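# Structural description and commentary
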Amino acid sequence: MTILITGGAGFIGSHVVRLFVESYPNYNIFNLDNLTYAGNLENLKDIESKSNYTFIKGDITDEVFIDGLFKEHRFDSVIHLAAESHVDRSITDPLAFVKTNVIGTMVLLNAFKNAWKDNFNNKLFYHISTDEVYGTLGEKGLFTETTSYDPNSPYSASKASSDHFVRAYGETYGIPYVITNCSNNYGQNQFPEKLIPLFINNIINNKPLPVYGDGNYTRDWLYVIDHARAIDLVFHKGAIGETYNIGGFNEWKNIDLVKLLCQQMDEKLNRLKGSSEKLITYVKDRPGHDLRYAIDASKINKELDWKPSVTFEEGLSITIDWYLNNEEWLNNVTSGEYQKYYQKQYN
Ligand code: NAD
Ligand code: TYD
């Protein structure tokens, strides 16, 4: 089997690539990524010389290039993770999100359709999406697979649009597809613009922790390797044409999460209890900020017997240790362009 994984140099993609390369020596794994600020081949140093792994640098929005790639390699399956993924960036540059997330997905769908024409036997287009397409919840309730789409940010609108196109290609052209909508991921190799790695980096450097609004926004958090395990299961056992929600059964208000992070960091850095909490700074809220995301993951739990393997406290501790032990990785990704982004976003 020849599998194309897009966005494999990014945060989640690198964990998926590693899991597939290591677990399935008989599969040929191609990682296609154009290495934006979020793509980093250092994430895959440990597996880059494996014989079943190939990296290709390229842009999913480049139609001619992508068509050629499908003709050359005849990918049986696609696991599509490449995307612009940060809500705050989508607020300052929404068009970049339409280009990559909507047009890029369309280009891949067309190439997949043209490569296999009407003979889709044993083929699969697996689209990785987010719970943010469902919009926001109030204090109660959970997102299920039948919750209506109601996206509020340019990021979630672009992901919702791509989900709709995948489903439409299934209905119209018979493409065998599966979609998963996952909650917030955390873990090693996450670019430090998202809440958890940003705050770890700021605590290390004794910089303010910019909590948006009153900090009473709620997210469901899942350890990235548990997401990769779920993707492996859905890829092999998921039903064609189905959607699965993936979540951590693990809701946290931002401010409570930040306080837990501060406590763990104080202990690990041997700092005085309470010193990291002093860095908390309430800043201007994100426009269109969704109040609460929470996932009902009972379908994947019951049908595919998946559940998270670590508690949040354990996963967070492993994550902090990784960032503390990988200072060079952190320094490399926080130099240059990142500094400009940080000044613009938080000043
Ligand atoms: P990420 O930003 O860390 O990585 C995205 C990767 O895609 C990068 O390696 C980047 O170089 C690549 N990429 C971007 N534009 C590209 C293009 N035009 N052509 C080729 N490659 C391109 O993102 P992530 O957090 O790993 O998210 C991966 C996927 O999972 C996304 O589709 C995202 O919507 C989804 N998702 C993320 C989360 C989360 O919490 N991070 C949760 C649910 C779903
Ligand atoms: P983020 O990691 O950007 O993920 P998402 O917006 O996709 O959920 O943000 C998680 C939560 O943390 C969200 O409610 C916004 C909040 N947040 C802050 O309070 N400060 C920050 O600097 C960032 C990046 C996020």
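Residues numbered from 1 in each chain as written. Chains lettered and ligands numbered in written order. Predicted model: local features only at pLDDT ≥ 70, side-chain atom pairs only at ≥ 80, totals over all residues. Heavy atoms only, no water.

### What about the site of ligand 2?
The local shell around ligand 2 holds 20 residues, among which E132, P210, R286, H289 and Y346 are the closest. The separation between an oxygen atom of ligand 2 and a polar side-chain atom of Y346 is 2.6 Å. In the complex, 98% of the free accessible area of ligand 2, which totals 520 Å², lies under the protein chains. Of all the secondary-structure elements, those providing two or more residues to the shell around ligand 2 are α3 (87–92), α6 (195–204) and β8 (209–212). Residue composition of the shell around ligand 2, grouped by class: ten nonpolar, four polar and six charged. (Near = heavy atom within 4 Å. Polar contact = N/O pair within 3.5 Å; in protein donor to acceptor, adjacent residues only side chain to side chain. Areas by Shrake-Rupley, 256 points an atom, 1.4 Å probe, with all protein chains shown as cover. Helix = DSSP H or I, 4+ residues; strand = E, 2+ residues; numbered from the N terminus. Nonpolar A, V, L, I, M, F, W, Y, C, P; charged D, E, K, R; others polar.)

### Brief notes about the sheet that holds strand β7 (residues 184–186)
Backbone-to-backbone hydrogen bonds pair the strands of a sheet. The strands run either parallel or antiparallel. Strands sit in the order β7-β9-β11 across an open sheet of three strands; the sheet is mixed. Every interior strand has two partners, whereas the edge strands, β7 and β11 (251–253), have only one. Between one strand axis and the next, the sheet turns through 50 degrees on average, direction left out of account. (Pairing = 2+ DSSP bridges. Axes fitted to C-alpha atoms, helices over the stretch in contact; angles between N-to-C directions.)

### Focus on the domain arrangement of the protein chain
Looking at the protein chain, the domain boundaries give domain 1 (2–186 + 221–246) and domain 2 (195–218 + 251–292 + 310–336). Each of domain 1 and domain 2 has a C-alpha centre, and the two are 27 Å apart. Taking both sides of the interface into account, the surface hidden between domain 1 and domain 2 amounts to around 1800 Å²; carbon and sulfur atoms contribute 49%. When the area that domain 1 buries against domain 2 is broken down by residue, the three leading residues are Y186, W221 and Y223, summing to 36%. A salt bridge links D88 to R286, with the nearest nitrogen and oxygen atoms 2.7 Å apart. Counting residues per element, the ones that place at least two in the side of domain 1 that touches domain 2 are α3 and β9 (218–223). When residues in the side of domain 1 that touches domain 2 are grouped by element, the largest group, three residues, is from α3. When the residues that make up the side of domain 1 that touches domain 2 are grouped by side-chain class, the tally is eight nonpolar, eight polar and five charged. (Domains from an automatic or database assignment. Buried area = accessible area lost by both parts, 1.4 Å probe. Salt bridge = Lys/Arg side-chain N within 4 Å of Asp/Glu carboxyl O.)

### Let's talk about the side chain of D290
For D290, the location among the structural elements is in the loop between β12 (280–283) and α9 (298–304). As a buried residue without a salt bridge, D290 has its nearest oppositely charged side chain in R219, at a separation of 5.4 Å. Those residues in contact with D290 that lie beyond four places of it in its chain are G135, T136, N152, Y217 and R219. (Buried < 20%, exposed > 50% of the residue type's maximum accessible area, 1.4 Å probe, protein only. Lys, Arg positive; Asp, Glu negative; His and termini not counted. Contact = heavy atoms within 4.5 Å.)

### Some details on the layout of surface pockets
Approximately 500 Å³ is the volume found for the second largest pocket. What lines the second largest pocket is a set of 20 residues, and nearest its centre among them are D88, T92, Y341, K344 and Q345. Broken down by secondary-structure element, the contributors of at least two residues to the lining of the second largest pocket are α3, α4 (94–116) and α12 (337–346). Of the residues belonging to the lining of the second largest pocket, the class tally is nine nonpolar, three polar and eight charged. Residues lining the lining of the second largest pocket come from more than one domain, with at least three contributed by each of domain 1 (2–186 + 221–246) and domain 2 (195–218 + 251–292 + 310–336). (1 Å grid on protein atoms, 1.4 Å probe; cavity = no way out; pocket = protein on both sides within 12 Å on 5 of 7 lines; lining within 4 Å. Points joined across faces, edges and corners; volume = space filled by probe spheres on them.)

### Some thoughts on empty space enclosed by the protein
Applying the stated criterion across every chain, the model contains one cavity of 30 Å³ or more. In this structure, the largest cavity encloses a volume near 50 Å³. Around the largest cavity sit V87, E132, S153, R219, R286, P287, G288, H289, D290 and Y293, which together line it. Each residue belonging to the lining of the largest cavity can be placed in one class, and the counts come to three nonpolar, three polar and four charged. Shared between two domains, the lining of the largest cavity takes at least three residues from each, and those domains are domain 1 (2–186 + 221–246) and domain 2 (195–218 + 251–292 + 310–336).

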